Structures are given as structure tokens and as C-alpha cells.
Amino acid sequence: MMAAPFFDVQKVRKDFPILSQTMSGHPLVYLDNAATTQKPRQVIERMDHFLRHENANIHRGVYRLSEDATRFCDQARSKVREFLNASKDSEIIFVRGATEAINLVAAGFGRKLLKNGDEIIISAMEHHANIVPWQALCQEKGLVLRVIPVNDRGELDLETFEKLLGPRTYLVAITHVSNALGTVNPVKEIIKMAHHAGACVLIDGAQSAPHQKVDVQEMDCDFYCFSGHKIYGPTGIGVLYGKEKHLLAMDPYQYGGDMIETVSFEKTTYALPPHKFEAGTPAIAEIIGLGEAVDYLKAIGFAAIHQQEKELLDYATKKLLQIPGLKIIGTAAEKESLISFVFDQIHPHDMGTVLGEFGIAVRAGHHCAMPLMKRFQVPATTRASFAFYNTKVEVDVLAAAVLRATELFK
Ligand code: PMP
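Structure report, in brief. (Residues numbered from 1 in each chain as written. Predicted model: local features only at pLDDT ≥ 70, side-chain atom pairs only at ≥ 80, totals over all residues. Heavy atoms only, no water.)

**Brief notes about the overall build of the protein chain**
Now for step 1: Along its length, the protein chain carries 14 helices and 17 strands.
Now for step 2: Relative to the globule expectation of 22 Å for 410 residues, the C-alpha radius of gyration of the protein chain, 22 Å, shows essentially globular dimensions.
Now for step 3: On the principal axes, the C-alpha backbone points of the protein chain span a range of 75 × 55 × 45 Å.
Now for step 4: Counting the 410 residues in the protein chain, one finds 56% classified as buried.
Now for step 5: For the protein chain, the accessible area works out to roughly 18200 Å², and carbon and sulfur atoms hold 54% of it.
Now for step 6: When the 44 basic and 48 acidic side-chain charges of the protein chain are each reduced to a single mean position, those positions are 1 Å apart. (Helix = DSSP H or I, 4+ residues; strand = E, 2+ residues; numbered from the N terminus. Rg over C-alpha atoms; globule rule 2.2 N^0.38 Å. Buried < 20%, exposed > 50% of the residue type's maximum accessible area, 1.4 Å probe, protein only. Areas by Shrake-Rupley, 256 points an atom, 1.4 Å probe, with all protein chains shown as cover. Lys, Arg positive; Asp, Glu negative; His and termini not counted. Charge placed at Lys NZ, Arg CZ, Asp CG, Glu CD.)

Shown next as C-alpha cells:
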């Protein structure tokens, strides 16, 4: 057996300035990592340095500052290509986040290529970002939206998926990891099944990119997307990966500067990908910050991240299940490090509010997955989501505070 990689959590925590703060008079216990992750000083300092000393617009300048800024953005694109193991930099498109990436595919791919009666398959555990763009497209173009059900553990029913796949299935859009349940979906199998039926596949990687090594070539997905702010990078920047053949066939998403080859009043021709999909001045400092976040994750390594987060998940599951009345929603065999829980007599918002008063940041709500809440017949859940910088001591603090809250609500 391979030796487990050594992971010094206290040393890593020193990289995240916010983690040594207090909230409501208690040491901050930040367990809302599925909503957004905290930023290491490497990312903060890189962006600060860029804004203080290196800021210029990219592409158009013929002076040194602009040439350097352009080069930094190009380097960030290469880092992301390596992060996802895409084959070409031109398959990496910078967008605002996972939401914009999915909207881009719905507009540039869906609107152009799908025809009345074509079918799109999603699942019952999708985030609204991977439901609503498809629903709107279906209404606009007369397409059919089909939904893979989930079982009581929160796993996809692949037998039904097989039956849903048909000659009119054009696209399957599935989350890699559920933000509300933690379920890790067998995306390689899903992609194989979809391709066998002649359909393309978009993987929503918003909750997988922070936790596991993603290899888009091995996965063989047609599209994959994630948000920078969930992988320890800045907000306002994210990535869409697309296979080159699709990006070439698609329409642009937005129109304007930077995405053209030539413009005249008679006819405009478009630039090649990725620029075809990146109209206007991009989020330059954020792109550079994202590159730094990718470097940071690379230095820590997904083997260490996975081990630390799995330990936290196992430990927290055990501790929380000792609390009378607590029920975990989402008990799939394959889970990432988050736990959604409910009590019969306590509303999740009340639980979240009390935990906040103890300095514990968790999320309470429908997690932008209203159809999934309906499936489990709960209005909402309280969700604790862990990152590699969390500790077992923090899990103990969480469990003690949840127990205390149950006593308060008796
Ligand atoms: N998909 C999933 C699974 C998510 O968890 C999220 C964010 N909660 C999104 C998509 C949307 O990400 P963003 O808001 O960063 O665009």
C-alpha cells in the first residue's frame, strides 16, 4: 500500500488569513465551503501585486505593461488547461462562473444545434444553474426536458437513465458532485452511455473541481465547467472547457470587441476559440488570481486534499449521527465532504442561525436545488461543507453546537 501523504493542516491554515478571525465573538469555524472557499494569501497577494504594479488592459497594448498582462492571462489559461488535462489552451474559455458557462453552452450550442422535438436529459439533483437554462431553451425551441430520478440515498438511477436515452437525446447535462447531498456521480459511465446513444455531455464541475483531480480527456466529456471562487480563487471568474470540434461549430455567446477577426458594416467574421466566446475586457486580475489558485492546489496535491477531506467527512458523519433526532439527507456510497442534515422539529434556518451565533458558518436553505428538496420532502437542510483546511476540532465544535441548539429548541 502507498504511504498516506503527510498533510500539515495547521501550516496550511496559516495561508488563509480569514481563518484566524472571530465571528460573533467565537473563533470562526468556516464550514460553508460548497458556497465559496476562502482565499490563500498567495492568491490575495498575486492579485494585489497585479493591481498595484502591473494593471493594464490585455491584447491591444503595444507597451510593456499590456504585453505583460496579456502574457499573465495566457499563462493562467495554460495552467487551467493543465489543471483539467485538456489537450489545448484554446479549449479553455474564461467566463464568470459555472452559471455563465452553462448559459453559454445553452445559447451557443443548444440554440444553434438543437431542433424542435430534440431531448435534453438532466437529473433530479441539479443546481438551478443546470436546470433553468435548459428549461428556458426547451420552451424557446420546443425541446423535451427529461429528468433522471435519484434513490433514497441520493444516487442517480442509471437504469432509468438508460431508458431515457433515445434517438432524439441531443445533450445530457449532469452535475459531477451534488452541492446539496455530496453525491459523486459516476460520470465516466454516464458519459459512455450517453455517447453510445449519440448524445453530448456537459458536466457541471462546480463541486468536483475543488476536491478531485479532473481529467477531461479521460472522462471524455464534451463540456465541463467550474467556478474560480469554489477552488480558492476569486469570484467573477470561472471556466468552460469544450471539445474543440464543438467550440468551432457553436455560435458566439456575446458579441463585441475581442471576439472578432474582421468587422465591416456588411459582414463580421469571428475569431477562433477561445476568443470567439470572450467578448469585451475580461476579469484580468481574477484570471491571474485563478491561475495562482490552480498553482496553490497543485502544490498541495489532490492526494492530500482527498485524504484530509475524507477523514473529516467520516469523522463528522459519525459525530453528527450521535445527536438524537438528526437525519442526514444524502447517504450515497460515493460522497464528497459535505453533510446536509435535518431535524423533524427544528427548521434548518433556525439551526443555521444558532450555529452562526457560535461562530460556525454553515448554509441553511434549499441550496438552489428546490426539486431535490421536494424529492426528499424537506423544505431545506442545514449543510456543513468541509475543505482541506478544516480540522477535527472544528467538527467537534460543530457537533457540540448542534447538540446545544437541539436543547435550546426543546
Ligand atoms: N452548480 C453547482 C453544483 C453549484 O454548487 C453551484 C454553486 N453553488 C453552481 C453550479 C453555480 O456556481 P456559480 O454560482 O459560481 O456560477
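Next comes the rest of the description.
**Thoughts on the sheet that holds strand S13 (residues 327-329)**
Think of a sheet as strands paired side by side through backbone hydrogen bonds, with each pair either parallel or antiparallel.
Now for step 1: The four strands are arranged S13-S14-S17-S16 in an open sheet whose pairing can be described as antiparallel. Because the sheet does not close on itself, it has two edges, and the strands there are S13 and strand S16 (363-365). The sheet shows a mean angle of 35° between the axes of neighbouring strands, taken without regard to direction.
Now for step 2: For S13 and strand S14 (residues 338-342), the ladder comprises three bridges, and the chain directions are antiparallel. The partner of Lys327 across the bridge, within S14, is Val342. (Pairing = 2+ DSSP bridges. Axes fitted to C-alpha atoms, helices over the stretch in contact; angles between N-to-C directions.)

**Considering the nonpolar core**
Now for step 1: Ranked by internal contacts, the top residues of the largest apolar core, which has 79 residues, are Leu84, Phe161, Val172, Tyr224, Phe226 and Phe388.
Now for step 2: Looking at which element gives the most residues to this core, the answer is helix H10 (residues 284-300), with ten residues.
Now for step 3: Lining this core are residues from two domains, each supplying at least three of them: domain 1 (9-39 + 301-408) and domain 2 (44-298).
Now for step 4: Those residues in contact with Leu84 that sit more than four places away from it in its chain are Ile92, Lys213, Val214, Asp215, Val216, Tyr224, Phe226, Val239 and Tyr241. (Core = buried A, V, L, I, M, F, W, Y, C linked by side-chain atoms within 4.5 Å. Domains from an automatic or database assignment. Contact = heavy atoms within 4.5 Å.)

**Considerations on the pattern of salt bridges**
Now for step 1: Scanning the entire structure with this criterion turns up 27 salt bridges.
Now for step 2: For Asp68, the salt bridge is made with Arg64, and the minimal N-O distance between the two is 3.2 Å. Of the two residues, Asp68 and Arg64 both sit in helix H3 (residues 64-84), four residues apart, roughly one turn of that helix.
Now for step 3: Here Arg64 falls in the exposed class, since its relative accessible area comes to 60%.
Now for step 4: Among the salt bridges present, the one from Asp89 reaches Arg81, with a minimum N-O distance of 2.7 Å.
Now for step 5: Judged by relative accessible area, which is 27%, Asp89 ranks as partly exposed.
Now for step 6: For Arg81, a relative accessible area of 24% puts it in the partly exposed group.
Now for step 7: A single network of salt bridges, built from pairs that share partners, joins Asp32, Arg363 and Arg383. (Salt bridge = Lys/Arg side-chain N within 4 Å of Asp/Glu carboxyl O.)

**Digging into the side chain of Asp222**
Now for step 1: Within the secondary structure, Asp222 sits in the loop between helix H8 (216-219) and strand S9 (223-227).
Now for step 2: If near-sequence neighbours (up to four positions away) are discounted, Asp222 is found in contact with His195, Ala199, Cys200, Val201, Tyr241, Gly242, Lys243 and His246.

**Examining the sheet that holds strand S6 (residues 144-148)**
Now for step 1: Read from one edge to the other, the open sheet built from seven strands follows the order S4-S10-S9-S8-S7-S5-S6, with strand pairing classed as mixed. Unpaired on one side and paired on the other, strand S4 (92-95) and S6 mark the two borders of the sheet. Sheet twist, expressed as the mean angle between neighbouring strand axes with direction ignored, is 20°.
Now for step 2: Where strand S5 (residues 119-123) meets strand S7 (residues 169-175), three bridges bridge the pair, whose relative direction is parallel. Bridge pairing in S7 places Ile121 opposite Val172.
Now for step 3: Packing of H3 onto the sheet brings it into contact with S4, S9 and strand S10 (238-242), and relative to S4 it is tilted by some 115°.
Now for step 4: Contacts between helix H4 (residues 98-113) and the sheet are confined to S4, S7, strand S8 (200-204), S9 and S10, with S9 contributing the most and set at about 155° to the helix.

**Considering the pairing of S9**
Now for step 1: With five of five residues buried, S9 is to be regarded as a mostly interior element.
Now for step 2: Neither face of S9 is exposed, since Phe223, Cys225 and Ser227 on one face and Tyr224 and Phe226 on the opposite face are all buried.
Now for step 3: As judged from the three bridges shared by S8 and S9, these two strands associate in the parallel manner. In the sheet register, Asp204 faces S9, and the bridge partner there is Cys225.

**Topic: the site of the ligand**
Now for step 1: Taken together, 13 residues are adjacent to the ligand, and Thr99, Asp204, Gln207, Ser227 and Lys230 come closest.
Now for step 2: Side-chain polar atom of Lys230 to a nitrogen atom of the ligand: 2.8 Å apart, as the coordinates give it.
Now for step 3: Look at the ligand: alone it shows 400 Å² of surface, and the protein chains cover 84% of it.
Now for step 4: For the shell around the ligand, the per-class residue count stands at three nonpolar, eight polar and two charged. (Near = heavy atom within 4 Å. Polar contact = N/O pair within 3.5 Å; in protein donor to acceptor, adjacent residues only side chain to side chain. Nonpolar A, V, L, I, M, F, W, Y, C, P; charged D, E, K, R; others polar.)

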